[in-house]
Amino acid sequence: MPRISYFPFDQLEDPELRAIIEHAARNGTPRPETQSVRAHAPATLRDFWWQWERTFRNGVCDHAIKELCRVYVSKTVECLYCGSQRSGRGREQGLAERDYDELLEFESSERYDERQRAALAYTKAIAWDPALADDELWERLHLHFSDEELVELGYFVAVTFGQQSWVRTLDVGHHEVLDLSDAGLAPSELPAEAR
Amino acid sequence: MGGIDPVAAGDAVRARVPDVLRTYRDTRANVAESGAVERELKVLCARYLNGDPEVTGFERSERFDDRERAALGWAQAIAWDPTLADDALWDRLHRHFSEPELAELGYYMAIVHGQLHWLRALGIEPSGDEVLAP
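On a predicted model such as this, the values are computed, not experimentally measured, just so you know.

Draft legend 1. Structural context of the side chain of Ser 165 of chain A. The residue Ser 165 of chain A is located in helix H9 (residues 147–167) in this model. For Ser 165 of chain A, the side chain forms a polar contact with the main-chain oxygen of Phe 161 of chain A, separated by 2.8 Å.

Written as structure tokens, this is what we have:
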């Protein structure tokens, strides 16, 4: 059971809020459970929608690299609920399931290119140790990203790092709200026949 | 200084991407500076997340009431160790806050926690009133 109840969908009267929850149920990332917790405070549900729409789904930095950074955060802060979600748009942009496997070893893995490694090192510095954002890292970042991309990427990582640090205290689980589809779930969360 | 305050360093960085600045200003107005949870409690939690030594020792201090201690205990769990959000803490949180207040406060702390981490990586240290929405 979640530590804050899921706001009942059938009691949600505002069509904008209903649409946000339905979008989560049909598309995932985020899935509807966390959105239904936010629905207790409508301003937060609207706010999170715009955070995600403007700085994750869209924006100046390519979505696939933000998706890798999002799941790196999931793995490093151990938010299992968040880490078992996959962005459909990330898949459309070429991410495969194996691209998520070695995120915690990104510095030594050969799966990631220099641009991805720099973005993940930035993410690691934000999550764990600002001292890691030293001159050498900033040099690598500026080699691969514009200032605008670095602002959006850092801001987005901050949003997802904060939200995941909170969500992991809530004991939410998949398939507990408006279970319309498996959209956005990692293979580990799917029924065996669907993997 | 004249009659117009300069923007804070965090907003000056966000302004490089108008949608980022616009989004965060909406968060500041709709979540940090308004809502059901009182501003003073949000500032207290933000000060904890910012490592303010007057707040980080809240468990040993008599300056804080039970409601503030419960909120700060949750801030500690969010920032450092989710296992601290155990049955006992949730009992205390539900005793002092409604569910809409908990959703708002938790979401707010998540935003501040993330922004503070990013700003530190940029070498920016928010202080004073800035900490409400750094």
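Additional details are given in the paragraphs that follow.
Draft legend 2. Geometry of helix H1 (residues 15–27) of chain A. All names here are of chain A. The terminal C-alpha atoms of H1, which comprises 13 residues, lie 18 Å apart, in line with the 18 Å expected from a rise of 1.5 Å per residue. Along H1, the residues classified as buried are Leu 17, Ile 20, Ile 21, Ala 24 and Ala 25. In a view along the axis of H1, the buried residues occupy a sector of 135°, so they form one face of it. Exposed residues lying more than 90 degrees from the buried face of H1 are Pro 15 and Arg 26. Buried residues belonging to H1 abut helix H2 (32–38) and helix H3 (42–57).

Draft legend 3. Inspection of the environment of Leu 132 of chain B at higher detail. All names here are of chain B. Inspection of the secondary structure assignment puts Leu 132 in the segment after helix H7 (99–121). A sequence separation of 108 residues divides Leu 132 from Tyr 24, and the C-alpha atoms of the two residues are 12 Å apart. Beyond its immediate stretch of four places on either side in the chain, Leu 132 contacts Ala 32, Glu 33, Arg 39, Lys 42, Val 43, Ala 46, Tyr 108 and Val 112.

Draft legend 4. Structural context of the confidence of the model for chain B. Of the residues in chain B, 99% have a pLDDT of 70 or more, and the chain-wide mean is 96. What the predictor reports for the complex is a pTM of 0.96 with an ipTM of 0.96.

Draft legend 5. Region of interest: the nonpolar core. Ranked by internal contacts, the top residues of the largest apolar core, which has 94 residues, are Trp 166 of chain A together with Trp 74, Leu 105, Tyr 108 and Met 109 of chain B. Considering every element that reaches this core, the biggest residue donor is H7 of chain B, with twelve residues. Setting aside anything within four residues of it in sequence, one finds Leu 105 of chain B in contact with Val 37, Leu 41, Lys 42, Cys 45, Ala 71, Trp 74 and Phe 97 of chain B. Membership of the second largest hydrophobic core comes to eight residues, among which are Phe 9, Leu 17, Ile 21 and Leu 45 of chain A.

Draft legend 6. Main features of the packing of helix H5 (residues 66–79) of chain B against H7 of chain B. Residue and element names in this part refer to chain B. Following both chains from N to C, one finds H5 and H7 inclined at 45°, their axes separated by 11 Å at the closest point. What the angle tells us is that H5 and H7 run oblique. H5 and H7 meet at a crossing whose hand is right-handed. Along the contact surface, H5 presents Arg 67, Ala 71, Trp 74, Ala 75, Ile 78 and Ala 79, while H7 presents Glu 101, Leu 102, Leu 105, Gly 106, Met 109 and His 113. Residues that form the contact of H5 with H7 fall into these classes: eight nonpolar, two polar and two charged.

Draft legend 7. Quick look at unusual backbone geometry. Residue and element names in this part refer to chain A. The omega torsion across Thr 29 and Pro 30 is 10°, close enough to zero to call that bond cis. Here Pro 30 is to be found in the loop between H1 and H2. Phi at Thr 29 is positive, roughly 45°, even though this residue is not glycine. Structurally, Thr 29 can be placed in the loop between H1 and H2. One non-glycine residue, His 175, lies in positive phi territory at about 65°. Locating His 175 in the fold gives a position in the segment after H9.

Draft legend 8. Highlighting the interface of chain B and chain A. With 41 residues of chain B in contact, the opposing surface of chain A contributes 37 residues. The salt bridge partner of Asp 26 of chain B is Arg 54 of chain A, with a shortest N-O separation of 3.5 Å. Here chain B is connected to chain A by 15 residue pairs in polar contact (both at pLDDT 80 or more). Within the residue set of the side of chain B that touches chain A, elements represented by two or more residues are helix H1 (9–14), helix H2 (18–32), H5, helix H6 (87–96) and H7 of chain B. At 16 residues, the largest contribution of residues to the side of chain B that touches chain A is made by H7 of chain B. In terms of residue class, the side of chain B that touches chain A is made up of 22 nonpolar, nine polar and ten charged.

Draft legend 9. Looking closely at the pattern of salt bridges. Residues and elements named next belong to chain B. Evaluation of the coordinates by the stated rule reveals 26 salt bridges over all chains. Across the salt bridge formed by Asp 11 and Arg 28, the nearest N and O atoms sit 2.8 Å from each other. With Asp 11 in helix H1 and Arg 28 in helix H2, this pair connects stretches of sequence that are 17 residues apart. Considered together, Asp 11 and Arg 28 belong to a single accessibility category, that of buried residues.

Draft legend 10. Representation of H9 of chain A. Between the first and last C-alpha of H9 of chain A there are 30 Å, a value that for 21 residues agrees with the 30 Å anticipated at 1.5 Å per step. The element H9 of chain A is largely enclosed, with a buried count of 19 among its 21 residues.

Draft legend 11. Quick look at the packing of aromatic side chains. Scanning the model with the defined rule gives twelve aromatic pairs over all chains in all. Taken together, a centroid distance of 6.4 Å and an interplanar angle of 90° make the contact between Phe 48 of chain A and Tyr 107 of chain B edge-to-face. Of this pair, Phe 48 of chain A sits in helix H3 while Tyr 107 of chain B sits in helix H7, each in a different chain. An angle of 50° between the planes, with centres 4.8 Å apart, marks the rings of Trp 52 of chain A and Phe 56 of chain A as tilted. Taken together, the positions of Trp 52 of chain A and Phe 56 of chain A, both in helix H3 and four residues apart, correspond to about one turn of that helix. Across this residue pair, the class does not change: Trp 52 of chain A and Phe 56 of chain A are buried.

Rules used throughout
- Residues numbered from 1 in each chain as written.
- Chains lettered and ligands numbered in written order.
- Predicted model: local features only at pLDDT ≥ 70, side-chain atom pairs only at ≥ 80, totals over all residues.
- Heavy atoms only, no water.
- Helix = DSSP H or I, 4+ residues; strand = E, 2+ residues; numbered from the N terminus.
- Polar contact = N/O pair within 3.5 Å; in protein donor to acceptor, adjacent residues only side chain to side chain.
- Expected span 1.5 Å × (residues − 1).
- Buried < 20%, exposed > 50% of the residue type's maximum accessible area, 1.4 Å probe, protein only.
- Arc of directions from axis to C-beta.
- Contact = heavy atoms within 4.5 Å.
- pLDDT = per-residue confidence, 0-100.
- Core = buried A, V, L, I, M, F, W, Y, C linked by side-chain atoms within 4.5 Å.
- Axes fitted to C-alpha atoms, helices over the stretch in contact; angles between N-to-C directions.
- Parallel < 35°, antiparallel > 145°, perpendicular 65-115°, else oblique.
- Left-handed = near helix turned anticlockwise from the far one by under 90°.
- Nonpolar A, V, L, I, M, F, W, Y, C, P; charged D, E, K, R; others polar.
- Salt bridge = Lys/Arg side-chain N within 4 Å of Asp/Glu carboxyl O.
- Phe/Tyr/Trp six-rings, centres within 6.5 Å; stacked < 30°, edge-to-face > 60°.

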